[in-house]
Amino acid sequence: MISGSIGLALKAHGWKVAGWDPDSGILDEAGSIGAIDRQLSSPDGVDAPADITFLCGPLDATLATLQNLQSERIITDVASVKGPIVAAGKHLSGFVAGHPMAGSAVSGPRFASAHLFHGASWAICNDNPNDGAIAEVSRVVATMGANPVILTSAEHDAYVATVSHLPRVLASALIDLVSRSPGATRLSAGSFRDLTRVAGSGSKWWSEVLVTNRDPVRSAIGGLVDILEEWDADLASTDADAISERLSAAEAGRSRLGAPVAEVRVVLFDRPGEVGRVGIALSDSGVDLRDIQLRHAEYGGGGILTLSIAAGENDALRSALARQGFELES
């Protein structure tokens with residue numbers, strides 16, 4: 001999915017893309033969606049000299065490929081742990097370790113998108129002092145709509161342990177906790193689904209990542225345990241003021257992660273054309289849609305559709321939805 005998205009994004013900007021995969025079926029699929037122009041006979045790309053090479057395999061495969069490569073060309077990768085990758089590629093003068101902070105719980109070229117990296121951060125490690133290669137990788141990923149972030153591999157691994165790897169552990173732990181009280185799932189709502197979404201992504205791939213980055217992840221777990229113990233102490237002492245301060249600080253911190261949004265909740269019924277009419281209302285209102293989430297009804301279709309839009313535009317959207325005959329939650 002990542003490599004297919006890279007191929008589609010590069011081709012959209014005029015690049016010619018060649019690709020290799022140990023699974024010929026994946027290669028055929030990549031060709032069928034237009035992610036590559038031609039197939040390579042080996043991962044070293046000797047039959048197609050390239051301006052830049054992206055290694056998009058699993059962590060263990062990327063490590064093995066790097067160790068066997070001999071090239072002076074610019075090479076980068078997309079693995080989510082960078083320390084071992086930098087070490088494996090240190091013999092390559094043009095290697096620049098990288099990691100796009102984008103993806104999903106699905107895999108395979110059929111889920112690729114040329115727009116996957118729009119607005120996403122793309123970590124680029126500067127452990128290799130080849131400034132020209134770093135600048136070129138940064139330029140190329142920027143053409144795909146990503147925001148290059150230059151940092152060391154050690155900084156990267158510490159940061160992603162907190163913002164990416166720990167959330168995967170936490171999501172799994174929450175699912176485990178709820179599984180011990182099956183009745184609780186009947187009351188789970190949007191917040192629980194949001195917190196545990198990543199638990200549905202590939203366990204084998206994630207286990208390799210977590211074990212490889214185990215020291216920073218364990219440090220992040222320890223930090224979280226300390227914070228949870230502080231919460232536990234405040235709850236035990238019934239210190240409502242302290243809890244309110246914690247909640248307010250978290251709310252303020254969350255708001256700094258993105259532009260302010262307003263939410264409009266639409267009641268959907270199980271009938272044809274409901275979502276289409278929402279689209280008409282969005283078009284008529286001209287609002288800036290930031291996010292969308294559907295809370296399904298327990299039986300059949302319908303539910304509550306939450307539309308997150310730019311702050312200050314909720315009145316325009318509510319009016320457009322009302323003209324389409326929708327019932328809105330207050």
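Residues numbered from 1 in each chain as written. Predicted model: local features only at pLDDT ≥ 70, side-chain atom pairs only at ≥ 80, totals over all residues. Heavy atoms only, no water.

Participant: What's the story with unusual backbone geometry in this structure? I'm lost.
Facilitator: Leaving glycine aside, a negative phi is the common case for residues, and trans is the common case for peptide bonds. One non-glycine residue, Thr-238, adopts positive backbone phi at about 50°. With respect to the helices and strands, Thr-238 occurs in the loop between helix 9 (214-236) and helix 10 (240-255). (Helix = DSSP H or I, 4+ residues; strand = E, 2+ residues; numbered from the N terminus.)

Participant: Any chance you could explain the packing of helix 6 (residues 153-179) against helix 9 here in plain terms?
Facilitator: In a pair of packed helices, the angle between the axes and the distance between the axes together describe the arrangement. One way to put it is that helix 6 packs onto helix 9 with a least axis distance of 8 Å and a crossing angle of 65°. Taken together, the axes of helix 6 and helix 9 lie roughly perpendicular to each other. Pair helix 6 / helix 9 crosses with right-handed handedness. The residues of helix 9 that touch helix 6, namely those facing Asp-157, Ala-158, Ala-161, Thr-162, His-165, Leu-166, Val-169 and Leu-170, are Pro-216, Val-217, Ala-220, Ile-221 and Leu-224. Here the contact of helix 6 with helix 9 is built from residues that sort into 10 nonpolar, 2 polar and 1 charged. (Axes fitted to C-alpha atoms, helices over the stretch in contact; angles between N-to-C directions. Parallel < 35°, antiparallel > 145°, perpendicular 65-115°, else oblique. Left-handed = near helix turned anticlockwise from the far one by under 90°. Contact = heavy atoms within 4.5 Å. Nonpolar A, V, L, I, M, F, W, Y, C, P; charged D, E, K, R; others polar.)

Participant: Explain the sheet that holds strand 6 (residues 98-100) to me, please; I cannot follow it from the model alone.
Facilitator: Taken together, the 3 strands give an open sheet; going across it, the order is 6-7-8, and neighbouring strands pair in mixed fashion. Each edge of the open sheet is held by one strand with a lone partner, namely strand 6 and strand 8 (147-151). Each adjacent strand pair in this sheet contributes to an overall mean axis angle of 20°, direction not counted. Inspection of the sheet shows strand 7 (residues 121-125) paired to strand 8 by 5 bridges, in the parallel sense. Paired with Ile-124 across the bridge in strand 8 is Ile-150. Taken strand by strand, helix 5 (residues 131-143) contacts strand 7 and strand 8, and its axis lies near 170° from that of strand 7. (Pairing = 2+ DSSP bridges.)

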